[in-house]
Amino acid sequence: MSPRTFAALLAAILLLAGPARAQLTIEIIGGGANQIPIAVLPFAGESMLPQSITEIIEQDLSRSGRFRAIFVGGVNTPPTEIAQVDFPEWKSRLADAMVIGQAQRLPDGKLEVRFRLLDVIKQSQIGGIAFTLTAAQTRLTAHKIADFIYEKMTGERGVFSTRIAYIVKQGPRYELRVADADGQNAQSILISSEPIMSPAWAPDGTRMAYVSFQNKKPILFVQSLSASKQPAPVANYRGSNSAPAWSPDGKQLAAVLTKDGTSQIYLMSPDGGNLRRLTVSQAIDTEPFFTPDGQSIYFTSDRGGSPQIYRMPASGGEPVRMTFEGDYNVSPRVSPDGKILAYISRVNGRFQLMAMDLESKQIQTLTDGLRDESPSFAPNGRIILYATDIDDRGVLAAVSSDGRFRQRLGIQAADVREPSWGPFLGN
Amino acid sequence: MKKALFSALTVALLYGCASTPVETEKPAASGAEPAQGLPVSPPLAARPGQPAAQIDLSKRSVFYDYDKYIKDEYRPVLQAHGKYLAENRGKKMLIQGNCDERGSREYNIALGQRRAEGVRRMLVLMGATEKQVEPVSLGEEKPRCSDHSEGCWSQNRRSDMLYSGEY
């Protein structure tokens, strides 16, 4: 099957399977190199679960671009133990790895899912876990199993059980939503008739900073994800209050205020207290972003005549200019390992996602869109989520940080924008 | 400095406005009721030599070239509003700066703020007090026109002046 046919088929399956209303659907564009062929066999007894757990695992792995799902049809009785596995059969189907498992109901009414990841070539077990769960945790359990497999096979941490936030505009209605990393299981955190922008996850994943226009001007909020309504603002000064960014320890919030004139960067506690000014310029200073070590802040400034990216100590101080090519470089985001600077650059009138290797200062163009914006790294640094548009409709897109693998996530008849990828859960 | 700038503006008013039609668009919140006590006289054409106060206060928008500052043609409008605010200390105004859709949303918030701030500065020069005018930005979030074309973008690069009760 060609990648294109597969993508079309996958999109069709997702469209049929997803709830009718406004789930993100995912379309894969292009394939990654060196994909690991893996067979995810149906788990014995999985029909007792509300969703097909192995289907979710297989989709997670395929969508990462690092795996290729091997056809698993024609298996009469799914094996649950290594001794029951017909390894020559899976070798002939060209699988390098395979996943077997079972689901069962425990005496206390809870469910148990156990699985084993097997090396087909060595005919041995790589690892396995048993989970106790409620029916509602099926999807999360599938993502955790996919994370385990991903980490064992690639050596990197998986992000399938993490969450993403994004803004949906549908007619006059704005929503801040949080969904699983695959776009499913979306929940509204905030609904407003005025714009919402710049969602930013707290490092502990329990709170979100964002900008709301409900009072006809940008005001900054920090909301607990478990809260049912909007809390009091953390920054509501004269003028505009925007561009929130968390320090990696979650103890400080950088934001842009205009209370003293032009847009300048300030630091505050997440409750808005202990406010202090960080930049002092006559120019626009905005879009602060902390480095993962918390020592520096990248930001956008037009102090040199055009918007460019600068870096300064997180305590303030003399900024260093980072971008020199072109006259419009904005929206800096640093990868979780601190090695890559992703940003948006205007090239021949197109706004494209760039990646700068911070050591060599080499720049790679990652996308070829017309209006790409708002990049956000996955917590493992492997994927960058960003906003783009197709046929005048805002959609989210993801590109591997080496530029090889891409996918799009869209909602029918709505604009999706400003993605923010949440942290790993349970650090 | 202040005085010199003021007379420069007066010169601009006397000589700059006759040939240039001034936008007569309503503010973004056009559904809102007019502020109480605001003169709603029929529009008067701005003629050379006419006092600023007689320029119609219903003109509430200033438009911009890409990234640029306030064009001369809008100075009579700003002068009229500045004078009105100076004579009506109880009146308050929200200045909303807007941008076209191109580029970073947050950088556009800052650009819109810069535009609104320019209007604020002008109104204060004309006699309004700091307490009466608040410059804010809507960035690219509330476009008046949504096509991806310069004809549309030029309508969205705009500052709107809204009196209390209108927002």
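The structure we're discussing is the one just above.
In this text, all values refer to a predicted model and were calculated from it rather than measured experimentally. (Residues numbered from 1 in each chain as written. Chains lettered and ligands numbered in written order. Predicted model: local features only at pLDDT ≥ 70, side-chain atom pairs only at ≥ 80, totals over all residues.)

A.B. asks: Could you clarify how one ought to interpret the overall build of chain B in this entry?
C.D. replies: Counting its secondary structure elements, chain B contains four helices and four strands. N-terminal to C-terminal, the α/β element order of chain B is α-β-α-β-α-β-α-β. Within chain B, the fraction of its 167 residues that count as buried is 44%. Counted over contacts in chain B with a minimum sequence separation of 6, partners at least 24 positions apart contribute 79%. (Helix = DSSP H or I, 4+ residues; strand = E, 2+ residues; numbered from the N terminus. Buried ≥ 20, exposed ≤ 12 C-beta atoms within 10 Å, placed from the backbone. Contact = placed C-beta atoms within 7 Å.)

A.B. asks: Looking at this structure, I do not really get the packing of helix α2 (residues 53-63) of chain A against helix α4 (residues 138-154) of chain A. What am I missing?
C.D. replies: When two helices pack together, their arrangement is given by the angle between the helix axes and by the axis-to-axis distance. Residues and elements named next belong to chain A. In contact at an axis separation of 9 Å, α2 and α4 are set at 45° when each is read in the N-to-C sense. Taken together, α2 and α4 sit at an angle that is classed as oblique. Relative to α4, α2 is oriented so that their crossing is right-handed. Packed against α2, whose contacting residues are I53, I56, I57, D60 and L61, the element α4 presents T138, R139, T141, A142, H143, I145, A146, I149 and Y150 at the interface. Split into classes, the residues belonging to the contact of α2 with α4 amount to nine nonpolar, three polar and two charged. (Axes fitted to C-alpha atoms, helices over the stretch in contact; angles between N-to-C directions. Parallel < 35°, antiparallel > 145°, perpendicular 65-115°, else oblique. Left-handed = near helix turned anticlockwise from the far one by under 90°. Nonpolar A, V, L, I, M, F, W, Y, C, P; charged D, E, K, R; others polar.)

A.B. asks: Honestly, the sheet that holds strand β29 (residues 415-421) of chain A in this entry has me stumped. Any pointers?
C.D. replies: Sheet strands pair by backbone hydrogen bonding; their relative direction is either parallel or antiparallel. All names here are of chain A. Pairing within the open sheet is antiparallel, and its four strands lie in the order β9-β8-β7-β29. Only two strands of the sheet have a single neighbouring strand rather than two, namely β9 (187-192) and β29. Averaged over all pairs of adjacent strands, the angle between their axes in this sheet comes to 20°, without regard to strand direction. As defined by bridge partners, strand β7 (residues 163-170) adjoins strand β8 (residues 173-180) across eight bridges and the pair is classed as antiparallel. Of the residues in β8, the one forming a bridge with K169 is Y174. (Pairing = 2+ DSSP bridges.)

A.B. asks: Looking at this model, I keep getting lost on the pairing of strand β12 (residues 219-224) of chain A. Mind explaining?
C.D. replies: Every regular strand shows the same layout, with side chains that alternate between the two sheet faces. Residue and element names in this part refer to chain A. Counting buried residues in β12 gives five out of six residues, a clear majority hidden from the surface. Bridge count between strand β11 (residues 207-212) and β12: six bridges; the pairing is antiparallel. Its bridge partner lying in β12, S212 is registered against I219. The loop that links β11 with its antiparallel partner β12 comprises six residues; one of these, K216, has a positive phi angle of about 65°.

A.B. asks: Please clarify how the nonpolar core should be interpreted in this entry.
C.D. replies: It is characteristic of soluble globular proteins that their nonpolar side chains tend to be buried jointly. Grouped together as the largest cluster of nonpolar side chains are 114 residues, with contacts concentrated most on M98, V99 and I384 of chain A. Looking at this core element by element, the count peaks at six residues for α4 of chain A. Sequence-distant contacts of M98 of chain A, that is, excluding residues within four places in its chain, are made with I38, A39, L41, W90, L118 and V120 of chain A. Counting residues in each nonpolar core, the second largest holds 22 residues, with L57, I95, A128 and Y163 of chain B among its members. (Core = buried A, V, L, I, M, F, W, Y, C linked by C-beta atoms within 7 Å.)

A.B. asks: Looking at this structure, I do not really get unusual backbone geometry. What am I missing?
C.D. replies: Glycine aside, the phi torsion of most residues is negative, and most peptide linkages are trans. All names here are of chain A. At A243, a position not held by glycine, the phi torsion is positive, near 55°. Along the chain, A243 falls in strand β13 (residues 241-246). For D392, which is not a glycine, the phi torsion comes out positive at approximately 70°. As for its placement among the helices and strands, D392 is situated in the loop between β26 (383-390) and β27 (393-400). Judged by the 9 C-beta atoms lying within 10 Å of it, D392 is exposed.

A.B. asks: Sorry, what's going on with α2 of chain A here?
C.D. replies: Along an α-helix, residues three or four apart share an orientation, since each turn contains 3.6 residues. Where burial is concerned, most of α2 of chain A is hidden: 10 out of the 11 residues are buried. After α2 of chain A finishes, the residue G65 of chain A shows a positive phi value of roughly 80°.

A.B. asks: Teacher, can you tell me more about the sheet that holds β13 of chain A here?
C.D. replies: Residue and element names in this part refer to chain A. Ordered in space as β13-β14-β15-β16, the four strands form an open sheet in which the pairing is antiparallel. Looking at strand neighbours, the two that pair on one side only are β13 and β16 (276-277), the edges of this open sheet. Note: strand β14 (residues 253-257) against strand β15 (residues 264-268), five bridges, orientation antiparallel. Each residue of the ladder has a partner; that of A255, found in β15, is Y266.

Any link to function would need more than the numbers given here.
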